[in-house]
Amino acid sequence: VQLQASGGGLVQAGGSLRLSCAASGSIFSINAVGWYRQAPGKQRELVAAITSGGSTNYADSVKGRFTISRDNAKNTVYLQMNSLKPEDTAVYYCNADVGPVDYWGQGTLVTVSS
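Report follows, based on the coordinates. (Residues numbered from 1 in each chain as written. Predicted model: local features only at pLDDT ≥ 70, side-chain atom pairs only at ≥ 80, totals over all residues. Heavy atoms only, no water.)

## Description of the pattern of salt bridges
For the structure on display, the rule yields four salt bridges. Measuring nitrogen to oxygen at the nearest pair gives 2.9 Å for the salt bridge that ties aspartate 88 to arginine 37. Of this pair, aspartate 88 sits in the loop between β8 (76-81) and β9 (90-98) while arginine 37 sits in strand β4 (residues 32-38), and the two are 51 residues apart along the sequence. One exposure class covers both aspartate 88 and arginine 37, and it is buried. One continuous salt-bridge network, built from bridges that share partners, spans Arg37, Glu45, Arg65 and Asp88. (Salt bridge = Lys/Arg side-chain N within 4 Å of Asp/Glu carboxyl O. Helix = DSSP H or I, 4+ residues; strand = E, 2+ residues; numbered from the N terminus. Buried < 20%, exposed > 50% of the residue type's maximum accessible area, 1.4 Å probe, protein only.)

Put into structure tokens, the structure is as follows:
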């Protein structure tokens, strides 16, 4: 499984961005796709995830602001981020859960200015 993340950038507080995670390879084996983020000096944390069955879960800090979705035809998972805050600044990574193995995409930097 290969993952290609994109969509990061610089945005003002209150703005929006949409991240994309395009998957290729053995995508039929993916159980769930998650978006994680890592801010400077902090541990990587789960932001949102969506399972192959369509169930979603979110970190409390982003509930009501972020939405994870997928387009099966495009093999792509999206993270729509609204009402962005400076504390959302981080490198965002997408992750594919494939049984005992995890695959990671390269990170995409999101910077929210105050």
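Structure's up, so let's keep going.
## A closer look at the sheet that holds strand β1 (residues 2-6)
Reading across the sheet, the four strands line up as β1-β3-β8-β7 and stay open at both edges, with antiparallel pairing between neighbours. In this open sheet, the two edge strands, each paired with only one partner strand, are β1 and β7 (66-71). Strand after strand, the sheet turns through a mean of 15 degrees between neighbouring axes, direction not considered. (Pairing = 2+ DSSP bridges. Axes fitted to C-alpha atoms, helices over the stretch in contact; angles between N-to-C directions.)

## What to know about the packing of aromatic side chains
Within this structure, the stated rule accounts for two aromatic pairs. Ring geometry for tyrosine 36 and tryptophan 104: centres 5.0 Å apart, planes at 65 degrees, overall edge-to-face. One end of the pair, tyrosine 36, is in strand β4; the other, tryptophan 104, is in strand β10 (residues 101-104), with 68 residues separating them in the sequence. When its relative accessible area of 37% is taken as the criterion, tryptophan 104 is described as partly exposed. Of the aromatic side chains, those joined through ring pairs into one cluster are Tyr36, Tyr93 and Trp104. (Phe/Tyr/Trp six-rings, centres within 6.5 Å; stacked < 30°, edge-to-face > 60°.)

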